[in-house]
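Here are the chains, one letter per residue:
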Amino acid sequence: MPHASESEGAIETRGLEPVPDSERTGHVRQLFPTWVAANISVLLLTMGAGLIVFNGLNFWQVLVVGVAAPLVSYGIVGLISIAGKRGGSPGMALSRAVFGQRGNLFPGSLIWVARWGWETINAVTGAYAVLTVLDLLFGVKSNTTLIVVTLLLFVAGTFLVSGLGINALRVCSKWSTYLFGAFSVLVLVHLVANTDWSAVFGKPAGSTAMLVAGIGTVAAGGISWVPSGPDFTRYLPRAASGRAMVGSTVGGAGIVVLPMVLMGAVMAVSTPDLASATDPVAFIGQILPMWIAVPYLLIALVGMLLINSMSMYSAGFTAQTLGIKVPRAWAVSVNAVISLVFGFLLMVVATSFIGSFISFLTLLAVAFSAWIGVFGVDMLRRRTYDGEALMDTTRTSAYWYRGGFAWQAMTAWALALLVGLLFTKVDWFAGPLASTWIGKNGLGWAATIVLSAALYAVLPRTRSAAAEPVPSASVEEPESAALSI
């Protein structure tokens, strides 16, 4: 993973401004633990259980989901992250070159708001992990006061790590990867020794429609990281291999998603109410012996804190692109307060955590996908970004276009977002096309990407007011022959 310059110390002070080539000293291999850490969540166990209980899949079909979902979703994350090393800026700052300085406020606002839900889900899961550990060790039962305290502690830890910046995230990602991997092996050994495998492999196969829908549900989590991809590659040198970046991203995510989803599916055979549990964490204490469950939950707690820190880290940049003129660390505090309030409501008021989580993931994927299609097509056309124009939010910016808007990008984004919602069905909303093949298979987000990309590709190309700089021969991108984006 990239890191801040040595002169900045432990706290990263750089905001939206492009990273100079002299400070681009990151390594592609460091992306691997970044995306491992981004997936250290016990919610993957619950999602794996849901594939068995709700989708009616068998073990081999869950295996297909566990392979296909991270390959598709984090493949897109890796591809979009190439823009980070080209422009040296966060994803939503680079998005100004696509939508225009004013136009970018619309997808930026939607993505920023969507992150509130993601950070709320993570905060609640982290708080539940703390409550479960307290119950296992000391017999302390959950109550409203304890919920507030655990949420405060989790959000405070998230704010601290994300506020420190890229160096803190890099160190935490490395060690949480080692620890979580070691204890996941222990959990796997326990399951192998104590599972009725005849029941696991004897389960009949589910329908192809439910298989495709399962891939879409699990992939939605990865799709939510796509706009953040460039945030973690902007410290990479321009000469970094695009193919290696995609490989490290997919590999880091896949090595966690696949076994976690499979373990959740195996657990669901003996504990079918796992997928519908109000508390998405307490089941671990019921299935595993305490000497495994407690350290595993504590390590998973660190992982969830990292996931939230990474999300808030990117959210701080997004807030800055919306014109909130405060340092990145202070911009993060806005999301911290919001996740605290919404987290309390979800834990105390909501009746179904899992239902809310799946509904949120579905809507989140559609919201982000409209941006992905437009930005992805723009990447095929653009090799460089004008750093000064990205930071210039006045009429003099090369990315001002017409009135601050790139109408081609805005049109493709808005229409695709609307159509994607028509195909979407969640607990509290169902589009008129949700009963079609695309809707039933949970592919509203995929249709959104395809439509936004197609519309933007056929509309007249947006022209900037000034020619963009061409990288010197010493920093030309070598992946052009191997990866043509």
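In this text the structure is predicted, and so the values were computed from the model without any measurement.

**Q** What am I meant to see in the overall build of the chain here?
**A** Scanning the chain from terminus to terminus reveals 19 helices and 2 strands. Relative to its full complement of 485 residues, the chain shows a buried share of 58%. A fraction of 88% describes how many contacts in the chain between residues 6 or more apart in sequence connect residues 24 or more apart. Accessible surface computed for the chain: about 18,200 Å², of which carbon and sulfur atoms make up 70%.

**Q** What's the story with the confidence of the model for the chain in this structure? I'm lost.
**A** Of the residues in the chain, 86% reach a pLDDT of 70 or more, and the chain-wide mean stands at 84. Looking at the elements of the chain, mean pLDDT is at its lowest for helix α14 (residues 328-348), recorded as 74, and at its highest for helix α3 (residues 59-87), recorded as 97. Throughout residues 1-9 the model reports pLDDT below 50, and contacts reaching past four residues in sequence, or to other chains, amount to 34 contacts.

**Q** Looking at this model, I keep getting lost on a nonpolar patch on the surface. Mind explaining?
**A** A contiguous nonpolar surface patch, about 500 Å² in accessible area, is contributed by V337, V341, F342, L345, V348 and V349. The residue V341 is located in helix α14 in this model.

**Q** Looking at this structure, how should I read the packing of helix α17 (residues 407-422) against helix α19 (residues 444-458)?
**A** For any two helices packed against each other, one specifies the inter-axial angle together with the distance between the axes. Between α17 and α19, the least distance of the axes is 8 Å, while the angle of their chain directions is 155 degrees. Between α17 and α19, the interaxial angle falls into the category roughly antiparallel. The handedness of the crossing between α17 and α19 is right-handed. The residues of α19 that touch α17, namely those facing Q408, A409, A412, L415, A416, L417, V419 and G420, are G444, T448, L451, S452, L455 and Y456. The residue makeup of the contact of α17 with α19, split by class, is 9 nonpolar, 5 polar and no charged.

**Q** Explanation requested: helix α11 (residues 242-270) in the structure shown.
**A** Structural remark: α-helix, 3.6 residues per turn; residues separated by three or four positions point the same way. Compared with an ideal rise of 1.5 Å per residue, which puts 29 residues at 42 Å, α11 spans 43 Å between its outermost C-alpha atoms and is within 8% of the ideal. One side-chain oxygen of the residue at the start of α11 lies 3.4 Å from the amide nitrogen of R243, identifying that residue as S241.

**Q** Sorry if this is basic, but what is going on with the layout of surface pockets here?
**A** Rolling a probe over the atoms, with the probe sized like a water molecule, indicates the empty space that remains. By volume, the second largest pocket amounts to about 450 Å³. Lining the second largest pocket we find 20 residues, and of these A114, G117, F360, L363 and W428 sit closest to its centre. Residue contributions to the lining of the second largest pocket peak at 7 residues, all from helix α6 (residues 105-138).

**Q** Looking at this structure, how should I read the side chain of S248?
**A** Take S248: it is sitting in helix α11. Setting aside residues no more than four positions away along its own chain, S248 makes contact with V28, R29, L31 and F32.

**Q** Whenever I open this one, the environment of F342 confuses me. Can you help?
**A** Within the secondary structure, F342 sits in helix α14. Judged by its relative accessible area of 37%, F342 falls in the partly exposed class. Leaving out residues up to four positions away in the same chain, F342 has contacts with W116 and T120.

**Q** Just checking my understanding: could you explain the environment of L71 for this structure?
**A** Summarising the element assignment, L71 is placed in helix α3. The exposure class assigned to L71 is exposed, which follows from its relative accessible area of 54%. On a C-alpha basis, the gap between L71 and G251 in space is 8.5 Å, while along the polypeptide they are 180 residues apart.

**Q** What should I look at first to understand the packing of α6 against helix α15 (residues 353-381) in this one?
**A** As a packed pair, α6 and α15 sit with axes 10 Å apart at the nearest point and diverge in direction by 155 degrees. By the criterion of interaxial angle, the relationship of α6 to α15 is roughly antiparallel. In the packing of α6 onto α15, the handedness of the crossing is left-handed. Across the interface between the two elements, P107, L110, I111, A114, R115, G117, W118, I121, V124, T125 and Y128 from α6 touch F353, F357, F360, L361, L364, A367, F368 and W371 from α15. A breakdown of the residues in the contact of α6 with α15 according to their chemical character gives 16 nonpolar, 2 polar and 1 charged.

Procedures and definitions
- Residues numbered from 1 in each chain as written.
- Predicted model: local features only at pLDDT ≥ 70, side-chain atom pairs only at ≥ 80, totals over all residues.
- Heavy atoms only, no water.
- Helix = DSSP H or I, 4+ residues; strand = E, 2+ residues; numbered from the N terminus.
- Buried < 20%, exposed > 50% of the residue type's maximum accessible area, 1.4 Å probe, protein only.
- Contact = heavy atoms within 4.5 Å.
- Areas by Shrake-Rupley, 256 points an atom, 1.4 Å probe, with all protein chains shown as cover.
- pLDDT = per-residue confidence, 0-100.
- Patch = residues over 30% accessible without salt bridge, like charges linked within 9 Å, V, L, I, M, F, W, Y side chains within 5 Å.
- Salt bridge = Lys/Arg side-chain N within 4 Å of Asp/Glu carboxyl O.
- Axes fitted to C-alpha atoms, helices over the stretch in contact; angles between N-to-C directions.
- Parallel < 35°, antiparallel > 145°, perpendicular 65-115°, else oblique.
- Left-handed = near helix turned anticlockwise from the far one by under 90°.
- Nonpolar A, V, L, I, M, F, W, Y, C, P; charged D, E, K, R; others polar.
- Expected span 1.5 Å × (residues − 1).
- Polar contact = N/O pair within 3.5 Å; in protein donor to acceptor, adjacent residues only side chain to side chain.
- 1 Å grid on protein atoms, 1.4 Å probe; cavity = no way out; pocket = protein on both sides within 12 Å on 5 of 7 lines; lining within 4 Å.
- Points joined across faces, edges and corners; volume = space filled by probe spheres on them.

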